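A structural walkthrough
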Amino acid sequence: MSDLTLDMQQTAQPASAAERTALLQNPAFGRVFTDHMITLRHTKERGWHDWRLEPRQPLALDPATLSLHYALEIFEGLKAYRLPDGGAALFRPDANARRFRASAERMAMPLLPEELFTDSVRALVRTDRAWIPTAEGASLYLRPFMIGTEVALPPKPATEHLFCVIASPVASYFKGGAKGVTLWVSENYTRAAPGGTGAAKCGGNYAASLVAQAEGEREGCEQVVFLDAVERRWVEELGGMNVFFVFDDGALQTPPLTGTILPGITRDSLITLARGMGLTVREEPYAIDQWQADAQSGRLREAFACGTAAVVAPIGHVKGRRHGFVIGNGEAGPVATRLKAALTDIQFGRTSGPQGWLDRLF
Ligand SMILES: *Cc1c(COP(=O)(O)O)cnc(C)c1O
């Protein structure tokens, strides 16, 4: 489809092996970066051009760059996993490439061909392969993103864009085992409204959610759970993770993708894996009051959040102005534990999953 070739400009000053080893000891999420990055430009006249792998470096932006003023930004998040034989693989990068196009469409940005997305990510991981951690549960997090780079102040779709991929080695997200996260039910803020950008992976959604996150932290909670913007009743998702409920009959439930929820690839993968285990999975709305009632009656056995960064995060406690309840004994339940193991076994190449899920790089 595309006749672009990647111009490889490797750094003359990569981190030394000793520096890298020190940085890879126990990296906090998103604080350590690899030697290189990918850049690719788009203009209305030239289409996609200037596809480069280059030393990781600051971007020079004019202060009137559109993305700085009107949040013309979308992103993705996926990981490269170290395999038992020393090789490495991506997990469902084609799904990220498709979602990136969907986000671009919503934000009036150019649609990046799927293979330019996946080939960019693959090239960066292959070049910076020494940065893929080997510690248990650790991986190399990839952050593809796109910004509108046209220099103009009238709010309008940009005619120039930059696509970029950076990479960051990450330790296992949640250490210390089975303890569940504590959620704050946001009553003052919503994340996404019908017709808005909730289903697009864009920085603006996060910018709007951080005040709720700060409120939750003041209340002693680690994450926020958002309710729907219309009735303020239906559980939607966390700031950056989808949510699942597990009932006493063994069935799972997760809110349906009606446009205000981010269609998580972890969510989709867990639905497939759970159904493969013979479990019932319903994609149906679940009310916050019902959640409290079911947790108290024991009908609800488990709840967990899921996303690429944390994989599966059991939910222990839920607090809010009108709510306060514990789920089970506040720790990881058997279904969450089993699904997490099934998914990570596939991602790390310990078992084979559905055809096409693992994209082996070397
Ligand atoms: C990225 C993201 C998720 C999780 O998606 P995955 O593809 O599973 O990583 C969930 N909710 C929001 C708001 C997100 O941005």
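Residues numbered from 1 in each chain as written. Predicted model: local features only at pLDDT ≥ 70, side-chain atom pairs only at ≥ 80, totals over all residues. Heavy atoms only, no water.

The name given to the protein in an unreviewed UniProt entry is Branched-chain-amino-acid aminotransferase, with the source organism recorded as Ferrovibrio xuzhouensis. Of the protein, the UniProt comment under Function (unreviewed entry) reads exactly: "Acts on leucine, isoleucine and valine." The record in UniProt for the protein states the following under Cofactor (unreviewed entry): "pyridoxal 5'-phosphate". (UniProt positions renumbered as here; feature names shortened; annotations may be inferred.)

1. Here we look at the site of the ligand
Neighbouring the ligand are 15 residues; Lys 201, Tyr 206, Glu 237, Thr 266 and Thr 308 lie closest to it. In the environment of the ligand, a nitrogen atom lies 2.5 Å from a nitrogen or oxygen atom belonging to the side chain of Glu 237. Interatomic distance of 2.6 Å between a side-chain N/O atom of Thr 308 and an oxygen atom of the ligand. Protein contact buries 97% of the 380 Å² of open area that the ligand shows by itself. Residue classes in the shell around the ligand are distributed as 4 nonpolar, 7 polar and 4 charged. (Near = heavy atom within 4 Å. Polar contact = N/O pair within 3.5 Å; in protein donor to acceptor, adjacent residues only side chain to side chain. Areas by Shrake-Rupley, 256 points an atom, 1.4 Å probe, with all protein chains shown as cover. Nonpolar A, V, L, I, M, F, W, Y, C, P; charged D, E, K, R; others polar.)

2. So, the side chain of Arg 267
Among the structural elements, Arg 267 can be located in helix H6 (residues 265-276). At 2.7 Å, the side chain of Arg 267 and the side chain of Glu 283 are in polar contact. (Helix = DSSP H or I, 4+ residues; strand = E, 2+ residues; numbered from the N terminus.)

3. Re the nonpolar core
Among the nonpolar cores identified, the biggest contains 39 residues, and Ile 74, Leu 90, Leu 112, Val 121, Val 125, Leu 142 and Phe 163 are the most heavily contacted of them. Counting residues per element, the ones that place at least two in this core are strand E2 (36-43), strand E3 (47-55), strand E5 (78-82), strand E6 (88-91), helix H3 (93-106), helix H4 (114-127), strand E7 (139-148) and strand E8 (160-170). With 6 residues, the single largest contributor to this core is H4. Setting aside chain neighbours within four positions, we find Leu 90 in contact with Leu 78, Lys 79, Ala 80, Val 121, Arg 122, Val 125, Leu 142, Trp 357, Leu 358, Asp 359 and Leu 361. Membership of the second largest hydrophobic core comes to 24 residues, among which are Leu 183, Val 185, Val 235 and Ala 295. (Core = buried A, V, L, I, M, F, W, Y, C linked by side-chain atoms within 4.5 Å. Buried < 20%, exposed > 50% of the residue type's maximum accessible area, 1.4 Å probe, protein only. Contact = heavy atoms within 4.5 Å.)

4. A closer look at the packing of H3 against H4
In the contact formed by H3 and H4, the axes pass within 9 Å of each other and the chain directions differ by 130°. Classified by the angle their axes make, H3 and H4 are oblique. Between H3 and H4 lies a crossing whose hand is right-handed. Contact residues: Pro 93, Asp 94, Asn 96, Ala 97, Arg 98, Phe 100 and Arg 101 in H3; Glu 114, Phe 117 and Thr 118 in H4. Across the contact of H3 with H4, the residue classes tally to 4 nonpolar, 2 polar and 4 charged. (Axes fitted to C-alpha atoms, helices over the stretch in contact; angles between N-to-C directions. Parallel < 35°, antiparallel > 145°, perpendicular 65-115°, else oblique. Left-handed = near helix turned anticlockwise from the far one by under 90°.)

5. Section: the packing of H6 against helix H8 (residues 334-347)
In the contact formed by H6 and H8, the axes pass within 10 Å of each other and the chain directions differ by 110°. With respect to H8, the axis of H6 lies roughly perpendicular. Of H8, the residues touching H6 (which contributes Thr 266, Ser 269, Leu 270, Leu 273 and Ala 274) are Leu 339, Ala 342, Leu 343 and Ile 346. In the contact of H6 with H8, the residues fall into 7 nonpolar, 2 polar and no charged.

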